[in-house]
Amino acid sequence: MDTNNNMDDPAMPAGLRDGDIATARHVVAASLLAWMLDACDFFIVLFTLDDVARSFHVSLESVLLAPTLTLLTRPVGAFVCGRAADRYGRKPVMITTIMVYSLIEVLSAFAPTLATFLCLRALFGIALGGEWGVGTSLIMESVPASWRGMASGILQAGYPAGYLLASLAFLLLPVMGWRGLFVLGGGALFSALYIWARVPESPQWLARQRSGATNTAAQAGLWPFIRGNFALCVFAVTLMAAFNFMSHGSQDLYPKVFLGLERRLPHPTITLIVVLYNIAAIIGGMAFGILSQRIGRQYSIALAAVLTLPLLALWTLPHSAVWLTVGAVCIQFCIQGAWGVVPAYLSELSPPSVRATFPGLAYQCGNLIAASNALLQTGIASFLGTGLAPALMFTVGGGALVVLVLTLLNARRHRAAMQGTSCPS
């Protein structure tokens, strides 16, 4: 693949392509911090669902609406925040998004009723859905071309890092209570201050604004782009649905339901496994992101996906805690390794006029499709009557196969484009 596909905007001054190293480092650090803290705030809810239910004197099923509503509103945030960033700039929208989700996290701690809490979590989903796409466009347009693979891996490592941070913060629950953890989550506001002080606007967006291309694109809107690139949009959403079935399929039910209820591992052992596989996920995202700079985005994703397949049995079939740990660490290294390439891959597929909107919206629409993962896995397990292991292998393996096929097909399309035939992107 041409790793610079669609990214070197003609409106961008050539002198900026090498980038300012110090500034690029601040952009990478800020984007990682913002996505990590955003993910941490989301996982804090998942870890405290039963505590929230007891506080409001309702059933756990009622509180489960909170993460569901967050998932449902994420595409709204991707669209609204992405369009705003394409029109008004990446930096102000990203700062605003972080401030909003930090405020909502604190307000959630003081919610007097379950209805108020659920409304706040729905609003949180808008901010959560918006932050990733805007951050991706800012980082991919601000770092040197030779950094994009590494920066992509670092940015996406923020998600498992947020999961890990939430796991560690959960240890403070006996001292702070669930409301205290939500107040602590509001500390993400400091990442907005860091961006305001040290991160400049995207040089590509500024160049497009000076040329008048930004205003023209804003007036044209997203829908003309979708109509003119329908196949690309379907491809991206389908690919991201498969990606999300891989990640959610390997995470949502695995710790508490599979390891806890089916394999009957003690809580400290489960916690250790979760910490270890999140560390592996962080390393995998960065490793495959860097690799994508050498062998191409599609081939790096395809390699991670194909390596996932033989690990499925090791990840689910053993009863030994040691082998389950080995399987979980290896499979998360590969799954999140594939994810580490996604920010750069989607950004390079996207035309400059919708670069803050297209990647985030494709990601969140795919995530919305994969929101059925837990129900699908429990349904398969109930139908087969064999426990969760086959269901976990089916959903994660199926997602990996779809990712593998689609990325290789797209690699052929890029080769054709490089040979002079037309390419829809």
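Up top is the structure.
Now for a quick tour of the structure. (Residues numbered from 1 in each chain as written. Predicted model: local features only at pLDDT ≥ 70, side-chain atom pairs only at ≥ 80, totals over all residues. Heavy atoms only, no water.)

Section: the overall build of the protein chain
Filter applied, for reference: Helical segments are the DSSP runs of H or I of at least four residues, strand segments are the runs of E of at least two, and each set is numbered from the N terminus. We call a residue buried when its accessible area falls under 20% of the maximum for its residue type, exposed when it is over 50%, and partly exposed in between, using a 1.4 Å probe and counting protein chains only. Between two residues, a contact is recorded if the distance between any of their heavy atoms is within 4.5 Å. For accessible areas, the Shrake-Rupley method is used with a probe of radius 1.4 Å. Any residue's cover is judged against the shown protein chains and nothing else.
Within the protein chain, the regular secondary structure consists of 23 helices and 0 strands. Here the protein chain, with 425 residues, has 58% of them falling under the buried criterion. Pairs at least 24 residues apart make up 85% of the contacts formed inside the protein chain by residues separated by at least 6 positions. Summed over all atoms, the accessible surface of the protein chain reaches about 16400 Å², with 71% contributed by carbon and sulfur.

Description of the pattern of salt bridges
This is how it is decided: Any carboxyl oxygen of Asp or Glu within 4 Å of a side-chain nitrogen of Lys or Arg constitutes a salt bridge here.
All told, the structure shown has 7 salt bridges when counted by the stated rule. Salt-bridge contacts for Arg83 lead to Asp86; the nearest nitrogen and oxygen are separated by 3.8 Å. With Arg83 and Asp86 both in helix H4 (residues 65-88), this residue pair falls 3 residues apart, about one helical turn. For the residue pair Arg83 and Asp86, the accessibility class agrees, reading buried in each case. Here Glu105 and Arg121 are joined by a salt bridge, their closest N and O atoms 3.1 Å apart. Of this pair, Glu105 sits in helix H5 (residues 90-109) while Arg121 sits in helix H6 (residues 114-142), and the two are 16 residues apart along the sequence. Look at Glu105 and you get buried, because its relative accessible area is 0%. The class of Arg121 is buried, set by a relative accessible area of 1%.

Overview of the packing of aromatic side chains
Quick reminder of the rule: Here a Phe, Tyr or Trp ring, Trp counted by its six-membered ring, pairs with any other such ring whose centre lies within 6.5 Å, and the pair is stacked when the planes are under 30 degrees apart, edge-to-face when over 60, and tilted otherwise. Any Lys NZ or Arg CZ found within 6 Å of a ring centre and within 35 degrees of that ring's normal is scored as a charge over the ring.
Applying the stated criterion to the full structure yields 21 aromatic pairs. Above the ring of Tyr363, the side-chain terminus of Arg74 is found at 5.8 Å from the ring centroid.

Observations concerning the packing of helix H8 (residues 158-169) against helix H16 (residues 267-295)
Put simply, the rule is: Angles run from 0 to 180 degrees between N-to-C directions of axes, and those axes are lines fitted to C-alpha atoms, restricted for helices to the stretch in contact. An angle below 35 degrees is treated as roughly parallel, one above 145 as roughly antiparallel, one from 65 to 115 as roughly perpendicular, and anything else as oblique. Note: crossing handedness is left-handed where the near helix turns anticlockwise from the far helix by less than a right angle, and right-handed where it turns clockwise.
Running from amino to carboxyl end, H8 crosses H16 at an angle of 155°, the nearest separation of the two axes being 8 Å. By the angle between their axes, H8 is roughly antiparallel relative to H16. For the crossing formed where H8 meets H16, the hand is left-handed. Residues Pro160, Ala161, Tyr163, Leu164 and Ser167 of H8 lie in contact with H16, whose contacting residues are Val274, Val275, Tyr277, Asn278, Ile279, Ala281 and Ile282.

Let's talk about the nonpolar core
We count it as follows: Definition used in this section: a nonpolar core is a set of buried Ala, Val, Leu, Ile, Met, Phe, Trp, Tyr and Cys residues joined via side-chain atoms within 4.5 Å.
In terms of nonpolar packing, the biggest core is built from 121 residues, with Phe117, Phe243 and Tyr254 touching the most fellow members. At 15 residues, helix H1 (residues 21-47) tops the list of elements feeding residues into this core. Beyond its immediate sequence surroundings of up to four residues, Tyr254 is in contact with Leu259, Tyr277, Trp315, Leu324, Ala328 and Leu392.

Quick look at the side chain of Thr325
Inspection of the secondary structure assignment puts Thr325 in helix H19 (residues 321-339). With relative accessibility at 18%, the residue Thr325 sits in the buried group. If sequence neighbours within four positions are ignored, Thr325 has contacts with Ile273 and Leu276.

Re helix H2 (residues 49-56)
Within the span of H2, buried status applies to Leu49, Asp51, Val52, Ala53 and Phe56. Residues of H2 that are buried make contact with H1, helix H3 (60-63), H4, H6 and helix H9 (173-185). His57 occupies a position one or two residues after H2 and carries a positive phi of about 60°.

What to know about the environment of Ala344
Within the secondary structure, Ala344 sits in helix H20 (residues 342-349). Given the relative accessible area of 0%, Ala344 is considered buried. Through-space distance from the C-alpha of Ala344 to that of Gly149 is 6.4 Å; in sequence the pair is 195 residues apart. When near neighbours in sequence (up to four residues on either side) are disregarded, Ala344 contacts Met140, Arg148, Ser152 and Arg297.

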